[in-house]
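Topology and contacts: notes
The chain contents come next:
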Amino acid sequence: NTLVGKVRFEPDEFSLGPGQSGSIHVTLSMPADGPPTRWGVLLSEIRPAVPQPVHFGPRAIAELGTTLYLSRIPSDRIRPEVTGLSVTQVGADSIAVTVRVRNAGERHLYVSGELALTDSSNVAAQKGTFGTGVVLPGRTRNFTWMSRAGLVPGRYTAIATLDTGEPELTVGE
């Protein structure tokens, strides 16, 4: 599902001095056949403004990636599913709550969410969020939230509330 041969950008190479900014124009071409969703990464190489003399050892060169997605499937036809939710004790004082999300559709989808642990009286004992991530078409991805437990012994319910871009939130318990 690569974008190889489907992306053009202009200019294809340029340099910027310290404090300067620049723009590139990216054109994506979606063929009428083949995979309905494609993705790739545009890498930008970052080097020092003043080249260092030749020497041995590490150099300060970095690459920044921009992920590009292209789809002919409308965004209102995503199909997220919560396929699992687990709570695991990590060490003596921490827990991890993992939400497993499957993308049953043919378009990529973004997931962000909140997690809550409620006690037997339905009172929130712990709350947290996990960062936004992408689930590719036909794939499953785990989203994990970790927290110091700090819980008194008892029975708890883990509730994940996910924003997948649909009109309603998706909830797993």
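In short, a report on the structure. (Residues numbered from 1 in each chain as written. Predicted model: local features only at pLDDT ≥ 70, side-chain atom pairs only at ≥ 80, totals over all residues. Heavy atoms only, no water.)

Check the secondary structure of the chain and you find 0 helices and 11 strands. Start at the N end of the chain and walk to the C end: the helices and strands fall as β-β-β-β-β-β-β-β-β-β-β. Of all 173 residues assigned to the chain, the portion counted as buried reaches 28%. Of the roughly 11,600 Å² of accessible surface on the chain, 50% is carried by carbon and sulfur atoms. (Helix = DSSP H or I, 4+ residues; strand = E, 2+ residues; numbered from the N terminus. Buried < 20%, exposed > 50% of the residue type's maximum accessible area, 1.4 Å probe, protein only. Areas by Shrake-Rupley, 256 points an atom, 1.4 Å probe, with all protein chains shown as cover.)

Strand order across the open sheet formed by 3 strands is β5-β6-β9, with antiparallel pairing between neighbours. With one partner strand each, in any of the chains shown, β5 (80-90) and β9 (140-148) form the two edges of the open sheet. The sheet shows a mean angle of 15° between the axes of neighbouring strands, direction not considered. Where strand β6 (residues 94-103) lies against β9, 9 bridges are found, and the strand directions are antiparallel. By the bridge assignment, Val-97 is partnered in β9 with Trp-145. (Pairing = 2+ DSSP bridges. Axes fitted to C-alpha atoms, helices over the stretch in contact; angles between N-to-C directions.)

Enumeration over the complete set of coordinates arrives at 2 aromatic pairs. Judged by centre distance (6.2 Å) and plane angle (80°), the rings of Tyr-69 and Tyr-110 are edge-to-face. Of this pair, Tyr-69 sits in strand β4 (residues 62-71) while Tyr-110 sits in strand β7 (residues 109-118), and the two are 41 residues apart along the sequence. (Phe/Tyr/Trp six-rings, centres within 6.5 Å; stacked < 30°, edge-to-face > 60°.)

The strands that make up a sheet are held in pairs by hydrogen bonds between backbone atoms, and each pair lies either parallel or antiparallel. The strand order β8-β7-β10-β11 describes an open sheet built from 4 strands, whose pairing is antiparallel. Unpaired on one side and paired on the other, β8 (124-135) and β11 (170-172) mark the two borders of the sheet. Across the sheet, the mean angle separating the axes of adjacent strands is 20° when strand polarity is ignored. As paired elements, β7 and strand β10 (residues 157-163) share 7 bridges and run antiparallel to each other. Bridge pairing in β10 links Gly-113 to Leu-162.

Moving on to the nonpolar core. Residues Val-101, Val-111, Leu-115 and Leu-162 are the most contacted members of the largest nonpolar core, which totals 16 residues. Elements with a contribution of two residues or more to this core: β6, β7, β8, β9 and β10. Excluding residues that lie within four positions of it along the chain, Val-111 makes contacts with Val-101, Phe-130, Gly-131, Thr-132, Gly-133, Val-135, Phe-143, Leu-162, Asp-163 and Thr-164. (Core = buried A, V, L, I, M, F, W, Y, C linked by side-chain atoms within 4.5 Å. Contact = heavy atoms within 4.5 Å.)

Within the fold, Arg-107 resides in the loop between β6 and β7. One buried charged residue, Arg-107, remains without a salt bridge, the closest side chain of opposite sign being Asp-76 at 7.9 Å. Engagement of the side chain of Arg-107 in a polar contact is seen with the backbone oxygen of Ile-73, the distance being 2.6 Å. In contact with Arg-107, other than residues within four places in its own chain, are Thr-37, Ser-71, Ile-73, Pro-74, Ser-75, Ile-78 and Pro-137. (Lys, Arg positive; Asp, Glu negative; His and termini not counted. Salt bridge = Lys/Arg side-chain N within 4 Å of Asp/Glu carboxyl O. Polar contact = N/O pair within 3.5 Å; in protein donor to acceptor, adjacent residues only side chain to side chain.)

This part takes up the side chain of Thr-118. Among the structural elements, Thr-118 can be located in strand β7. Contacts of Thr-118, omitting those with residues within four sequence positions, involve Val-123, Ala-124, Ala-125, Arg-155, Tyr-156, Thr-157 and Ile-159.

Residue position: Val-82 is located in strand β5. Judged by relative accessible area, Val-82 falls into the partly exposed class, the value being 31%. Taking the C-alpha atoms as reference points, Val-82 and Arg-141, separated by 59 residues in sequence, lie 9.9 Å from one another. Filtering out sequence-adjacent residues up to four positions away, Val-82 remains in contact with Val-99, Arg-100, Leu-162, Thr-170 and Gly-172.

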